[in-house]
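# Residue-level structural notes
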Amino acid sequence: MGKELNEDTGFNVSVKTLIGIGFAMATLIGMWFTLQADIDEAKQLPEPPAPVITRMEFDMKDQLVRQTIMTTQEDVKEIKTTLEKLEEKIDDLR
C-alpha cells in the first residue's frame, strides 16, 4: 500500500534544492516585472497612422486583378481545348 500523508509526514529538502527554487522564483518575478514595464511602454507609444490608399494605387490593384482574371480565363480555354482533343483521341481508340 502507498504511504498516507498526515500531520506527522515529513520530507527532506537539500540546500541546493532551496537555492534552485529561490533562483527560479526570482527569475519568474523578474520576467513578470519586465513584461509589465514593456506593456506600459507600448501603451504610451503613439498609434500608427491609418493606411491611406490613393486612387492610383486602387486603380493599379484593380487593373492587376482584372488582368489576372483574363489570363486565367485564357488558360481555362486552352485546357478545355486540350481536354476536347484528348476525349476525341480516346473515342477514336475505342
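Here, the structure is the one placed above.
A brief report on the enclosed structure follows. Small disclaimer: the values here were computed from a predicted structure and weren't measured.

Attention now moves to a nonpolar patch on the surface. A contiguous nonpolar patch, built from Ile21, Met25, Ile29, Trp32, Phe33, Leu35 and Ile39 and spanning about 720 Å² of accessible area, is present on the exposed surface. Taking the relative accessible area as the measure of exposure, Ile21 reaches 44% and is therefore partly exposed.

The next point concerns the pattern of salt bridges. If charged atoms from side chains of opposite charge come close, those side chains can pair. All chains considered together, the criterion is met by 3 salt bridges. One salt bridge connects Asp59 with Arg55, and the closest N-O pair in it is separated by 3.5 Å. Remark: Arg55 and Asp59 occur in helix H2 (residues 55–93); sequence separation between them is 4 residues, near one turn of the helix. The salt bridge partner of Glu57 is Lys61, with a shortest N-O separation of 3.5 Å. Placement of both Glu57 and Lys61 in helix H2 is noted, with a separation of 4 residues, approximately one turn of the helix.

Turning our attention to a negative patch on the surface. A surface patch of like charges, here negative, comprises Glu84, Glu87, Glu88, Asp91 and Asp92. Mapping Glu88 onto the fold places it in helix H2. You can call Glu88 exposed: its relative accessible area is 51%.

Definitions and limits used
Residues numbered from 1 in each chain as written. Predicted model: local features only at pLDDT ≥ 70, side-chain atom pairs only at ≥ 80, totals over all residues. Heavy atoms only, no water. Patch = residues over 30% accessible without salt bridge, like charges linked within 9 Å, V, L, I, M, F, W, Y side chains within 5 Å. Areas by Shrake-Rupley, 256 points an atom, 1.4 Å probe, with all protein chains shown as cover. Salt bridge = Lys/Arg side-chain N within 4 Å of Asp/Glu carboxyl O. Buried < 20%, exposed > 50% of the residue type's maximum accessible area, 1.4 Å probe, protein only. Helix = DSSP H or I, 4+ residues; strand = E, 2+ residues; numbered from the N terminus. Lys, Arg positive; Asp, Glu negative; His and termini not counted. Charge placed at Lys NZ, Arg CZ, Asp CG, Glu CD.

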